[in-house]
Structures are given as structure tokens and as C-alpha cells.
Amino acid sequence: MVKVNGNYLKLKAGYLFPEIGRRVKAFSSANPEAQLIRLGIGDVTEPLPQACRDAMKSAIDEMGTAEGFHGYGPEQGYAWLREAIARDDFQARGCEISAEEIFVSDGSKCDSSNILDILGSGNRIAVTDPVYPVYVDSNVMAGRTGESGDDGRYGGLTYLPISADNGFAAQIPSEPVDLIYLCYPNNPTGAVATKAQLKAWVDYARTNKALILFDAAYEAFIQDPDLPHSIYEIEGARDCAIEFRSFSKNAGFTGTRCALTVVPKGLMGKADDGSEVELWGLWNRRQSTKFNGVSYIIQRGAEAVYSDAGQQEVKALVNFYMENAAIIRRELSAAGIEVHGGEHAPYVWLKTPLGMDSWSFFDHLLQKANVVGTPGSGFGAAGEGYFRLSAFNSRRNVDEAMARIRNL
Ligand code: MLT
């Protein structure tokens, strides 16, 4: 009989969001009249920008002509999109990133897992706790961890607790690590990192020859002009960091799928024989073999994000969701609940009231207010006693959810 990948058997439970979906489905089946409001998974709700839709429609028409038809595209993405990204997302902010170093893909979730293909086993890995579960689960699946303990933490990982006590800032580990996952603005806590904090990480990584995997999927939500949007705003980061970006949350591409990974040229790793190998070449090889690129139509839509009209529409979308976040923060605070995040990120991280644990509060909110959120403990042991509400929803639903919570 065929053998299975035993690493999957080490996974604690279902992936967090399907598990929430399962509980919500069970509740809905038992209570078909309940009008649920979903502030759980961070999925956008507002329509795609007109500029993106127009570009996608023209691309479809082009594909209907002999001259404009496109078959397989470059695995790394079309040059015109990579150039727009390099220019507007990086060079405009003073980051020395070229189009060649941008790899267009169908999602940051996939890329942040797939990157493990080019990294060896035996790396000591650091993650924050709480953390976006994909970083941990993909390492478990790839056999890069031990078994999970009673506290749900996996052997072999270095957990960096982030909580109100340390201002939700991951502290530099006391032991040397080789691979560090950082996500800023942070999912799930909504915290941000200053340039000084990122500089400390870059200095650490360069000193210890470690690699930072920097997830900047929520950078568009940063409101303070002094906060860094990219790790490459920090000097020396080209030598020690890979960055993930996405069109999902800023331009509403969760359903259309487009993202990018930046792998700087000259960023090195070590082979078994001790020689140094450029990661760019390995990622390029990996993508060329296992990926056939994002569709031409979607890449044209993503390119339109960089047009004047696209920029204005994206700004309006971000402002809309950030107003939702402000409403959530204000209403929860007025209800006496301790809130964090939601100022530079579309997530509000709250302390569960009355000492309830995260899943009890999930059930309480679901049953009594018919509001779905995400239990903090689903993001890690240090998330216990916290809860995440997403600002991605219509204004009407956010207002209604807050009214229901107020009346609890
Ligand atoms: C979340 O809710 O944490 C996000 O939707 C996850 C994701 O973008 O994959």
C-alpha cells in the first residue's frame, strides 16, 4: 500500500479557518434562522477596483484575437508587472529592488510554504507566538519540526511570544536561529514594527547568517508615514531577507489570486558541503519547474493597481476597511474590552472578557450574537485569552456586529 507523509499526522488539528467553518456550519444547520456576521477569516468583501476590472476585461478581449492571445507566460511573471512592482512598491520607497528580483505568484500563503522547498532541513526556525498558522503547519508538513507537546507547540521550533507585555514586539532570541518568520503589520495581532525594530532583526540575521522571511501582505494598511512598508527599507536587508507581498488585501484579489515574492540577487545560503549558493537561482529553478505563472488576465488586473485610477481606488478600499477597524476598536473599548491592533492593520486583537478562554468566547459570540471571529489560541499558545476580529466586511455588517456585541 502507498505510504503517506507521516509529517501530516503530526498536525494538531484541522487548519484553523476550516475548523471555524466546521463549527459555524454546525451552528447554522442547528439554527437556520440565525443571521451570521463573519468577522473571522480575513477575506475582503468590497468589489474589485474598476481599474482592475477594466484591465482584466481588455485582457480577455485581447486573448480572443490571434495577435493578442497568450499561452504560457513567464513563470516569474510578465516583465511589465514586475517592473511596475519594483518601481512603485520598492524603488519609490528607496529600496534597491529590481524587476528581476520579483517573482509574481498566485498567493503569499503558497509562497511562504513553498519557499521551504529551497531550504534545507536542520535549520533552527523561529516563529512568533501567536503566528499566522501557515508558517508553522508548512514546516510540520515538510518534516522540519518534532511532535507537538501538550501546549500545542512543536518540538524544534523557537517560539517568540508576543503579547501586551512586550508591546507585541518579537524579541531577538537568546539562542542562534537560522530562519525567522516575521509578519508586519502583524497577522493576527495587528501590531506594527518600527524601523529600529526591523533593524535589530536585520543586524541579528546578518551577524548569525540567518534568513528572515518577511510577510508584508498587510503593508498597505500602514497609516503612519514613518513606519516601514518593506524590510528592504532597512540597510543590509538584501543580504538576509526574502519578502512576501500580496494583492489580496489591498486590491481585493483574494478570489482572483495574485501576489509576489522578492528574492534579492546575492542573498546566499549554505550547501551541505559548506559552499555558498544564491537563493535567487534556487527559487527561479523551483518556480520554473513547479509553477506555470499567474494568468495573463489577472496579471493585467494587478498591473492596473499601479495606474493613477487604480492607486486611488486601492487607497479608498484601504481607508474603508480601516474605518471599519476604527469602529470596531471604538465600540469594543466603549464596552470595556481591551483592544490592540486595528490602527495600521485590518485586524483588531482583543482580550477576551470575563477571563473566558478563546474558544469559549468564540462559542459565546457565535451563539449569543451570531458573530464569527477567530480564537486567539488558534494562532498559538500565547494567543490564548485573545480573540481576533477582522475589519473586512461591509459597514452595515460591522455596525450591526458591534451593536450585537454591545447588547450582549
Ligand atoms: C487570515 O484570516 O488570517 C487570512 O485570511 C489568512 C490568509 O490570508 O491566508
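Everything quoted here is computed from the prediction, not taken from an experiment. (Residues numbered from 1 in each chain as written. Predicted model: local features only at pLDDT ≥ 70, side-chain atom pairs only at ≥ 80, totals over all residues. Heavy atoms only, no water.)

### So, the overall build of the protein
In plain terms, the rule: Helix and strand assignments follow DSSP, with helices taken as H or I runs no shorter than four residues and strands as E runs no shorter than two, numbered in order from the N terminus. The quantity called the radius of gyration is restricted to C-alpha atoms. Its globule counterpart is 2.2 Å times the number of residues to the power 0.38. Using a 1.4 Å probe on the protein chains alone, a residue whose accessible area is under 20% of its type maximum counts as buried, one over 50% counts as exposed, and one in between counts as partly exposed. Any two residues having at least one pair of non-hydrogen atoms within 4.5 Å are treated as being in contact. Note on areas: these come from Shrake-Rupley sampling with a 1.4 Å probe, and a residue is covered only by the protein chains present in the view. Charge assignment: positive for Lys and Arg, negative for Asp and Glu; neither His nor the chain ends contribute. To locate a charge, the coordinates of NZ of Lys, CZ of Arg, CG of Asp or CD of Glu are taken.
Of the regular secondary structure elements, the protein holds 11 helices and 15 strands. Here the C-alpha radius of gyration of the protein, 21 Å, is about what a compact globule of 408 residues would show, namely 22 Å. Oriented by its inertia axes, the alpha-carbon framework of the protein measures out at about 55 × 55 × 55 Å. For the protein, buried positions account for 53% of its 408 residues. At a minimum sequence separation of 6, the contacts of the protein that also span at least 24 residues come to 72%. Summing over all exposed atoms, the protein offers an accessible surface of approximately 17,700 Å²; the carbon and sulfur share of this is 49%. One way to put it: in the protein the 40 positive side-chain charges average out to a point 4 Å from where the 51 negative ones average out.

### Notes on the side chain of Asn 187
What counts here: For this analysis, a polar contact is any N or O atom pair within 3.5 Å, provided that within protein one partner can donate a hydrogen and the other can accept it, and provided that sequence-adjacent residues contribute only side-chain to side-chain pairs.
The residue Asn 187 is located in the loop between strand 5 (179–183) and helix 6 (195–208) in this model. Assessed through its relative accessible area of 5%, Asn 187 is described here as buried. A distance of 2.6 Å separates the side chain of Asn 187 from the side chain of Arg 388, its partner in a polar contact. If we skip the residues at most four places from it in the chain, Asn 187 touches Val 131, Tyr 132, Tyr 218, Tyr 347, Phe 379 and Arg 388.

### Comments concerning the pairing of strand 12 (residues 347–351)
Cut-off, in case you're wondering: Strands qualify as paired when DSSP identifies two bridges or more between them.
By the criterion of burial, strand 12 is predominantly enclosed, with four of the five residues buried. In this structure, strand 11 (residues 339–341) lies alongside strand 12, joined through three bridges in antiparallel fashion. Opposite Gly 341, over in strand 12, you have Val 348 as the bridge partner. Taking the residues between adjacent antiparallel strands as the criterion, strand 11 and strand 12 are bridged by five residues, where Gly 342 takes a positive phi near 75 degrees. Sheet topology places strand 12 next to strand 15 (residues 386–390); five bridges connect them, and they run antiparallel. Across the sheet, residue Lys 351 finds its bridge partner in strand 15, namely Tyr 386.

### Concerning the sheet that holds strand 12
Pairing is antiparallel across the open sheet formed by four strands, whose spatial order is 11-12-15-14. Here the strands that pair on one side only, and so sit at the sheet edges, are strand 11 and strand 14 (374–375). Looking at chain direction, strand 14 and strand 15 are connected through two bridges and run antiparallel. Considered in strand 15, the bridge of Thr 374 is made with Arg 388.

### A short note on helix 9 (residues 308–334)
For clarity, the cut-off: Helices are assigned an expected span. That span is 1.5 Å times one less than the residue count.
For helix 9, spanning 27 residues, the distance from its first C-alpha to its last is 39 Å, which sits close to the expected 39 Å at 1.5 Å a residue. The first or second residue beyond helix 9 is Gly 336, which carries a positive phi of 85 degrees.

### Some points on the nonpolar core
Stated precisely, the cut-off is as follows: By nonpolar core we mean a set of buried residues, namely Ala, Val, Leu, Ile, Met, Phe, Trp, Tyr and Cys, connected to one another through side-chain atoms within 4.5 Å. Note that the domain bounds were set by an automatic or database domain assignment.
The biggest cluster of nonpolar side chains holds 63 residues, and the ones touching the most others in it are Ile 212 and Phe 253. When residues of this core are assigned to domains, at least three fall in each of domain 1 (6–47 + 309–406) and domain 2 (53–307). Ignoring sequence-local partners within four residues, the contact set of Phe 253 consists of Leu 48, Cys 52, Met 56, Phe 247, Ser 248, Cys 258, Ile 298, Gly 301 and Ala 302. Residues Phe 17, Ile 328, Val 371 and Phe 387 belong to the second largest nonpolar core, which totals 37 residues.

### With respect to the pattern of salt bridges
For clarity, the threshold we go by: Salt bridge, as applied in this entry: a Lys or Arg side-chain nitrogen positioned within 4 Å of an Asp or Glu carboxyl oxygen.
Throughout the structure, instances matching the rule amount to 23 salt bridges. A salt bridge links Arg 206 to Asp 239, with the shortest nitrogen-to-oxygen separation between them at 3.0 Å. Highlighted residues: Arg 206 in helix 6 and Asp 239 in the loop between strand 6 (211–215) and strand 7 (241–246), separated in sequence by 33 residues. Here Arg 206 falls in the partly exposed class, since its relative accessible area comes to 43%. Since its relative accessible area comes to 45%, Asp 239 is described here as partly exposed. One salt bridge connects Glu 343 with Arg 329, and the closest N-O pair in it is separated by 3.6 Å. Of this pair, Glu 343 sits in the loop between strand 11 and strand 12 while Arg 329 sits in helix 9, and the two are 14 residues apart along the sequence. Under the relative-accessibility criterion, Glu 343 is labelled partly exposed at 45%. Through salt bridges that share partners, Glu 19, Arg 22, Arg 23 and Asp 363 make up one connected network.

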